[in-house]
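Geometric and topological summary
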Amino acid sequence: MSTFSYYAEIQKPNMFSHFSNILLLGVIQGLILGIVLLFRNKNTLASKILAIEILFISIALFFAYLYSINYHLKAPNIIGVISPLSFLWGPLLYVYVLAMTSAIEKIKLRHLLHFLPVLLLYVYYIPLYLSPAEQKILYVTATGNMKESLREIVINGLIYVQGISYTMAALYLLIKYTKEIKEYFSDIDKVRVLWLRVMVISVLLIWITSTTLFVLYHAKLIFPKYLGIENFSVTIFIYICGYFMLKQPEIFNSVREMINQTTASEEKKHSEKYEKTGVSESTRDKYVKLLKKYMELKKPYKDSEITLKKLADGLEMSPHHLSQVINSIYNINFFMFINNYRLNEAMDMLKNNENIETTILNIAYEVGFNSKSSFNSHFKTFTGMTPTQYRKQYF
């Protein structure tokens, strides 16, 4: 993720001997994955952005491979060609997560501004690109002057600061998204996109590792050869990314579309003034009674795919007002509201003699959960014990 200057120290023969083959395999995997993502059917803007990032990372890894076999000494013109792209990784990840969680339809000017440092660094390196081959080699060797070395340290420091900042911002978008979907869904196992969080956290760990190596190297606390860990980590990321992207749930796109459709339908049904006003106390009390009666008689929570919109349609109520009632009266979100009903129903079933032969898994499915693990997790959080422990209290 750093610029080419660091290869001045790790260019010695066999320094990369343990990593070169792994790097090359990572390059091949990344190129294949990027091309598949870029040209697959029903492609989205988000997957195109990720495909571009993976392709650029693969190209950068290929240049790292060339450096590892000292090819830059034979072809000095490659020196610095790929270096400014280090300012791409953070912004591309951020815009990718933004596209996934906000359903932006196209890249706008404000998004392109995130990539301005790349252009500026290419402009900065123009004198180097136009310099003779001997000078280029001198630039990346220990004989380079101190002024140039300090500039490279500053540039690399900015790359690490930018990378960590953008990755933290992407993680914030995911946390915000997770909170948002709990207002619309009763089961978030499929729509919370765990793989995306794993991917972002993996990138954050790579940035932290790279930054630590950067600091330790300049503090002369580690040998130059350890800088190769950075490229090795990026290669591992390619494999992690490939694994999760091939398992990407298509429901993710429909989640954002459903949320947007709900918002759009609300705007059509109600005027802006009416939407922005709160529910009156008398109307709220009527809605609460209607909601309680509907939950007790119809038991919509048993539908594992119940959403805010589905419940609102059943009540012939605005999803906006239903959410208002749940938030203000029960002081919880829709996700917790539905799951509380499910858990109370499960508790009744577990202590009922008639269900003594019913398995815990069947009870979980009966009350609306999609998996035993999800049921066990929520049940223990709700009661402080597992379903099995709870049942043993009565039998």
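Here goes a summary of the coordinates provided. Bear in mind the structure is a predicted one, so any value in this text is a computation, not a measurement.

A word on the overall build of the protein chain. Scanning the protein chain from terminus to terminus reveals 21 helices and zero strands. Split into buried and exposed, the 395 residues of the protein chain put 48% on the buried side. For the protein chain, long-range pairs separated by at least 24 residues make up 76% of all intrachain contacts whose partners lie at least 6 apart in sequence. Here the protein chain displays about 20500 Å² of accessible surface, and carbon together with sulfur accounts for 61% of that area.

Nonpolar side chains tend toward joint burial in soluble globular proteins. Among the nonpolar cores identified, the biggest contains 61 residues, and L93, Y96, V97, L196 and M199 are the most heavily contacted of them. Counting only elements with at least two residues in this core, the list comes to α2 (20-39), α3 (45-68), α5 (89-102), α7 (116-124), α10 (146-181), α11 (194-218) and α12 (228-245). At 12 residues, the largest contribution of residues to this core is made by α3. Leaving out residues up to four positions away in the same chain, L93 has contacts with E53, T167, A170, M199, V200 and V203.

This next bit is on helix α16 (residues 308-315). What α16 keeps buried is the set L308, L311, A312 and L315. For α16, the angular spread of buried residues about the axis comes to 100 degrees, placing them on one side. Next to the buried residues of α16 lie α15 (281-298), α17 (319-329) and α18 (334-350). Of the residues trailing α16, E316 is marked for its positive phi of about 55 degrees.

This paragraph deals with the packing of α15 against α16. It is at 11 Å that the axes of α15 and α16 come closest, and there the two elements cross at 105 degrees. When the interaxial angle is binned, α15 and α16 end up roughly perpendicular. Across the interface between the two elements, L290, L291, Y294 and M295 of α15 pack against L311, G314 and L315 of α16. Here the residues of the contact of α15 with α16 sort into six nonpolar, one polar and no charged.

Running from N to C, α5 and α11 cross one another at 165 degrees; their axes reach a closest spacing of 12 Å. By the angle between their axes, α5 is roughly antiparallel relative to α11. Seen from above, α5 lies across α11 with left-handed handedness. Only W195, L196, M199, V200, V203 and W207 of α11 make contact with α5, whose side of the interface consists of W89, G90, L93, Y96, V97 and M100.

We now examine the packing of aromatic side chains. By the definition in use, this model includes 14 aromatic pairs. Ring plane angle 55 degrees and centroid distance 5.3 Å describe the contact between F369 and F375, whose orientation is recorded as tilted. Each member of the pair F369 and F375 is classed as buried. Chaining the aromatic ring pairs together yields one cluster made of F369, F375, F379, Y390 and Y394. Here R342 stacks its cationic end above the ring of F369, 5.6 Å away from the centre of that ring.

In the structure shown here, the tally under the stated rule is six salt bridges. A salt bridge links K302 to E366; the nearest nitrogen and oxygen atoms lie 3.2 Å apart. Placement of K302 in the loop between α15 and α16 and of E366 in helix α19 (residues 360-367) is noted, with a sequence separation of 64 residues between them. When salt bridges with common partners are traced through the structure, they connect K299, K302, E345 and E366 into a single cluster.

Let's shift gears to the environment of M317. Within the secondary structure, M317 sits in the loop between α16 and α17. Here M317 is in contact with Y287, L290, A312 and L322, once residues within four sequence places are set aside.

Taken together, the side chains of L116, L119, L120, V123, I126 and L130 present a nonpolar region at the surface, about 590 Å² in accessible area. Elements with a contribution of two residues or more to the nonpolar patch: α7 and α8 (126-130). At four residues, the largest contribution of residues to the nonpolar patch is made by α7. Under the relative-accessibility criterion, L116 is labelled partly exposed at 41%.

Parameters at a glance
Along every chain, residues carry numbers that run from 1 in the direction the sequence is written. Local features are withheld for residues below a pLDDT of 70 in this predicted model, meaning they are given only at 70 or higher, and side-chain atom pairs are given and counted only at 80 or more; totals for whole chains, interfaces and linings count all residues. With hydrogens and water excluded, all non-hydrogen atoms of the structure serve as input to the side-chain values. Numbering goes from the N terminus for both helices and strands, where a helix is a DSSP run of H or I of at least four residues and a strand is a run of E of at least two. Relative accessibility thresholds used throughout: buried, under 20% of the residue-type maximum; exposed, over 50%; partly exposed, between the two (1.4 Å probe, protein chains only). Any two residues whose heavy atoms approach within 4.5 Å are treated as being in contact. Here the accessible surface of atoms and residues is derived via Shrake-Rupley with a 1.4 Å probe, and residues count as covered only by protein chains that are part of the display. We call a set of buried Ala, Val, Leu, Ile, Met, Phe, Trp, Tyr and Cys residues a nonpolar core when their side-chain atoms join them within 4.5 Å. Our arc is simply the arc of the directions from the helix axis toward the C-beta atoms. The axes used here are C-alpha line fits, helices contributing only the stretch in contact, and every angle between their N-to-C directions lies in the interval 0 to 180 degrees. With respect to orientation, any angle under 35 degrees is reported as roughly parallel, any angle over 145 as roughly antiparallel, any angle of 65 to 115 as roughly perpendicular, and every other angle as oblique. For this classification, the nonpolar set comprises Ala, Val, Leu, Ile, Met, Phe, Trp, Tyr, Cys and Pro, the charged set comprises Asp, Glu, Lys and Arg, and every other residue, Gly included, is treated as polar. Helix crossings fall into two classes, left-handed where the near helix is turned counterclockwise from the far one by less than a right angle and right-handed where it is turned clockwise. We call Phe, Tyr and Trp rings a pair once their centres come within 6.5 Å, taking the six-membered ring for Trp, and we label the pair stacked below 30 degrees between planes, edge-to-face above 60, and tilted otherwise. Two limits define a charge over a ring: the Lys NZ or Arg CZ must be within 6 Å of the ring centre, and within 35 degrees of the ring normal. Counted as salt bridges are all cases of a side-chain nitrogen of Lys or Arg within 4 Å of a carboxyl oxygen of Asp or Glu. What makes a patch is a set of residues exposed beyond 30% relative accessible area and free of salt bridges, joined within 9 Å when like-charged and within 5 Å when nonpolar (Val, Leu, Ile, Met, Phe, Trp, Tyr).

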